[in-house]
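Structure assessment
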Amino acid sequence: MDLKNLYRQVIMDHYKNPKYRGLVKNDQYLIVHLNNPTCGDEMVVQLYIEDGMIKDVRHEGVGCSICCSSASVASITLVGKTIEEGLEAIHQFYELIKGEPYDDKKLVMDAKAYETVHDFPARVKCATLAWKAYEQGLLEKKKEITHG
Ligand code: ZN
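Residues numbered from 1 in each chain as written. Predicted model: local features only at pLDDT ≥ 70, side-chain atom pairs only at ≥ 80, totals over all residues. Heavy atoms only, no water.

A word on the nonpolar core. In terms of nonpolar packing, the biggest core is built from 39 residues, with I66, F93, Y114, W131, Y134 and L138 touching the most fellow members. When neighbours within four sequence positions are excluded, W131 is seen to be in contact with S70, V73, A74, T77, A89, I90, F93, Y94 and L107. (Core = buried A, V, L, I, M, F, W, Y, C linked by side-chain atoms within 4.5 Å. Buried < 20%, exposed > 50% of the residue type's maximum accessible area, 1.4 Å probe, protein only. Contact = heavy atoms within 4.5 Å.)

Structure follows, in structure tokens:
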């Protein structure tokens, strides 16, 4: 199997069996809703943060395979990290998408599958939608902590 096929397989696996999918009814979770008009993707994410740690995340989206699978990969990347580590990991994923050098130790292995996305500029927004939503939630929480 060549690398592109392997990557496609990773993306399809996350699309078919997404991790942390499904929202919870719990107002302790921060909620962020973003959409990507160019592709029609819609993404809702939830974050449960306690003592500066990302304890749980959830996502529910309607969209293409790149967008929905990427939400699953973002979720496994973020759970267990601090807010700062989470923001750093998201930043590394943006570098990866742009085709720039990035620190792969800050991301899960499956994130590598999206390296090919920068050959398809129209797909960049799909791949980063869930990451942007999680980023927005983390930044809100960070602000809330800093300003009490
Ligand atoms: Zn899309």
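This part is about the coordination of the zinc ion. The protein atoms that coordinate the zinc ion are C39 (SG), D41 (OD), C64 (SG) and C126 (SG), at distances of 2.1 to 2.4 Å. Considering all 4 donor atoms around the zinc ion, the spread of angles at the metal, 97 to 123 degrees, places the coordination shape in the tetrahedral class. Within one chain, the residues donating to the zinc ion are spaced in sequence as C-x1-D-x22-C-x61-C. We classify D41 as buried; its relative accessible area is 1%. (Donors = N, O, S within 2.8 Å, 3.2 Å for Na, K, Ca; no water. Tetrahedral: all angles 85-135°; square planar, octahedral: opposite > 155°, others 65-115°.)

For the rest of this paragraph, the subject is the layout of surface pockets. Reported here for the largest pocket is a volume of approximately 270 Å³. K4, Y7, R8, I11, M12, S65, I66, A113, T116, V117, F120 and R123 together form the lining of the largest pocket. Going through the elements one at a time, α1 (3-16) and α2 (65-78) are the ones with two or more residues in the lining of the largest pocket. Here the lining of the largest pocket gets 5 residues from one element, more than from any other, and that element is α1. Broken down by class, the residue content of the lining of the largest pocket amounts to 7 nonpolar, 2 polar and 3 charged. (1 Å grid on protein atoms, 1.4 Å probe; cavity = no way out; pocket = protein on both sides within 12 Å on 5 of 7 lines; lining within 4 Å. Points joined across faces, edges and corners; volume = space filled by probe spheres on them. Helix = DSSP H or I, 4+ residues; strand = E, 2+ residues; numbered from the N terminus. Nonpolar A, V, L, I, M, F, W, Y, C, P; charged D, E, K, R; others polar.)

Keep in mind these numbers describe shape, not what the thing actually does.
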